[in-house]
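Breakdown of the fold
Spelled out, the chains give:
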Amino acid sequence: MLHVIAEMTGSIQGALGCLAAAIGVGLVGAKAVEAVGRNPGASGKILVQSILGMALAEAVAFYALFL
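Residues numbered from 1 in each chain as written. Predicted model: local features only at pLDDT ≥ 70, side-chain atom pairs only at ≥ 80, totals over all residues. Heavy atoms only, no water.

Once that is clear, we can look at the packing of helix 1 (residues 2-38) against helix 2 (residues 43-66). At their nearest, the axes of helix 1 and helix 2 sit 7 Å apart, and the two run at 175° to each other. The angle between the axes of helix 1 and helix 2 places the two elements in the roughly antiparallel class. Judged by residue contacts, Gln13, Gly14, Gly17, Cys18, Ala21, Gly24, Val25, Val28, Gly29, Ala32, Ala35 and Val36 of helix 1 engage Ser43, Ile46, Ser50, Gly53, Met54, Ala57, Glu58, Val60, Ala61, Ala64 and Leu65 from helix 2. Looking at the contact of helix 1 with helix 2, its residues break down into 14 nonpolar, 8 polar and 1 charged. (Axes fitted to C-alpha atoms, helices over the stretch in contact; angles between N-to-C directions. Helix = DSSP H or I, 4+ residues; strand = E, 2+ residues; numbered from the N terminus. Parallel < 35°, antiparallel > 145°, perpendicular 65-115°, else oblique. Contact = heavy atoms within 4.5 Å. Nonpolar A, V, L, I, M, F, W, Y, C, P; charged D, E, K, R; others polar.)

This is the structure in structure tokens:
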């Protein structure tokens, strides 16, 4: 019984970590689109910053899945 509870707890941790990463990537993407809409000339700099932000948000999912 304890083994089943431990498996469920790990699955919930992984799911919540991936959910948090998905929310983070969505927020970064939405704000990047908003920033490019306000200042189209800075789209190159915004793209670099948004890719870095998405990569850091995805790191949360890897930590949740592998730890």
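Having put the structure on the table, let's press on.
On to a nonpolar patch on the surface. Together, Val4, Met8, Ile12, Leu16, Leu19, Ile23 and Leu27 make up an exposed nonpolar region whose accessible area comes to about 690 Å². Mapped onto the secondary structure, Leu19 falls in helix 1. Given the relative accessible area of 48%, Leu19 is considered partly exposed. (Patch = residues over 30% accessible without salt bridge, like charges linked within 9 Å, V, L, I, M, F, W, Y side chains within 5 Å. Areas by Shrake-Rupley, 256 points an atom, 1.4 Å probe, with all protein chains shown as cover. Salt bridge = Lys/Arg side-chain N within 4 Å of Asp/Glu carboxyl O. Buried < 20%, exposed > 50% of the residue type's maximum accessible area, 1.4 Å probe, protein only.)

No statement about biological role is implied by the geometric values presented.
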